[in-house]
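Structure at a glance
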Amino acid sequence: GADEVTVTLKDGQQYAGTVEGKDPLTDIAVIKIEADNLPALTLGESDNLKSGDWAIAIGNPLGLSNTVTMGIISATDRSSNQIGAPDQRVNFIQTDAAINPGNSGGPLLNLRGEVVGINTAIFSQSGGSNGIGFAIPIQLAQEVMDQIVRNGRVIRGWLGITGQRLTEMLAESLEIEFRDGI
């Protein structure tokens, strides 16, 4: 909910930033800072990932800054329903690279050092990492960021319908034939 943030680089330089827009569905925000010659990572292709590809997670888990962990891509297209976040409607990259509280927002890299995802969640029954972490695919993150820059927000299509199980009573009220089990 912040409108202003402070961005701190690894070397300790700090910049005042403004939130240009955010997307609660993907937990992505675009932050603008005034600076020149900042280091940048190359974006990779999350659409080409396969289970078994190497993965590197960078972040600040549990307050331990600039931590790097390594693992593999465990799965791609892991639905938000499968990880207990049905309201997100996002397909995640699953990795066993250690992701803990504080890693959110850090990059998930391939072995070429390209960003293939943004670390965002863990699957845990104990509150800590169980070796099951999730990242937003970079192709989705890029689409979200582009829309925020262009529109100040993300615009999604909305059909406005909800699925419902057909019951005998509903079929009767709609004057259609009810066949149990179909």
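Residues numbered from 1 in each chain as written. Predicted model: local features only at pLDDT ≥ 70, side-chain atom pairs only at ≥ 80, totals over all residues. Heavy atoms only, no water.

Focus on the sheet that holds strand E4 (residues 54-59)
Inclusion rule: The criterion for strand pairing is that DSSP finds at least two bridges linking the strands in question. Working definition: helices are DSSP H or I runs of at least four residues, strands are E runs of at least two. Numbering for both runs from the N terminus. Every angle, taken between N-to-C directions, lies between 0 and 180 degrees, and every axis is a line fitted to C-alpha atoms, over only the stretch in contact when it is a helix. Note on contacts: a residue pair is in contact if any heavy atoms of the two residues lie within 4.5 Å.
The strand order E4-E5-E6-E9-E8-E7 describes a closed barrel built from six strands, whose pairing is antiparallel. Pairwise comparison of adjacent strand axes, ignoring direction, gives a mean angle of 45° for this sheet. Across the sheet, helix H1 (residues 138-151) lies against strand E8 (115-122) and strand E9 (133-137), angled at about 50° from E9, the strand it touches most.

A closer look at the sheet that holds strand E3 (residues 28-33)
The sheet built from three strands is open, its strands ordered E1-E2-E3 with antiparallel pairing. Only two strands of the sheet have a single partner each, and these edge strands are strand E1 (4-8) and E3. Averaged over all adjacent pairs, the angle separating strand axes in this sheet is 45°, with direction ignored. Alignment of E1 against strand E2 (residues 14-23), held across five bridges, turns out to be antiparallel. Its bridge partner being in E2, Val7 is matched across the sheet by Tyr15. Sitting on the sheet, H1 is in contact with E2 and E3, with an inclination near 55° to E3.

A word on the pairing of strand E6 (residues 91-95)
To keep things clear, this is the line we draw: With a 1.4 Å probe rolled over the protein chains alone, any residue whose accessible area is under 20% of its type maximum counts as buried; one over 50% counts as exposed, and the rest are partly exposed.
E6 sits mainly inside the fold: four of its five residues count as buried. Both strand E5 (residues 67-79) and E6 contribute to a ladder of four bridges, which runs antiparallel. Its bridge partner lying in E6, Ile73 is registered against Thr95. As paired elements, E6 and E9 share three bridges and run antiparallel to each other.

Considerations on the packing of aromatic side chains
To keep things clear, this is the line we draw: Paired rings are identified among Phe, Tyr and Trp, the last through its six-membered ring, by centres lying within 6.5 Å, and are further divided according to the angle between planes into stacked (under 30 degrees), edge-to-face (over 60) and tilted (the rest).
A complete count under the given rule lists one aromatic pair for this structure. Centre to centre, the rings of Phe92 and Phe134 are 6.2 Å apart; their planes meet at 65°, and the pair counts as edge-to-face. Of this pair, Phe92 sits in strand E6 while Phe134 sits in strand E9; the two residues are 42 residues apart in sequence, bridging distant segments of the chain. Judged by relative accessible area, Phe92 falls into the buried class, the value being 1%.

Some points on a negative patch on the surface
Our working definition: The patch calculation keeps residues exceeding 30% relative accessible area without a salt bridge and links them within 9 Å when they carry like charges or within 5 Å when they are nonpolar (Val, Leu, Ile, Met, Phe, Trp, Tyr). Surface exposure here means Shrake-Rupley accessible area, sampled with a 1.4 Å probe, where a residue is shielded only by the protein chains that are shown. A pairing counts as a salt bridge when a side-chain nitrogen of Lys or Arg comes within 4 Å of a carboxyl oxygen of Asp or Glu. Positive residues here are Lys and Arg, negative ones are Asp and Glu, while His and the chain termini are left out of the count. Where a charge sits is defined by one atom per residue type, namely NZ (Lys), CZ (Arg), CG (Asp) or CD (Glu).
A grouping of Glu45, Asp47, Asp77, Glu143 and Asp146 is seen on the molecular surface, where their side chains present a negatively charged patch. On the secondary structure map, Asp47 appears in the loop between E3 and E4. Of the residues examined, Asp47 reaches a relative accessible area of 58% and is grouped as exposed.

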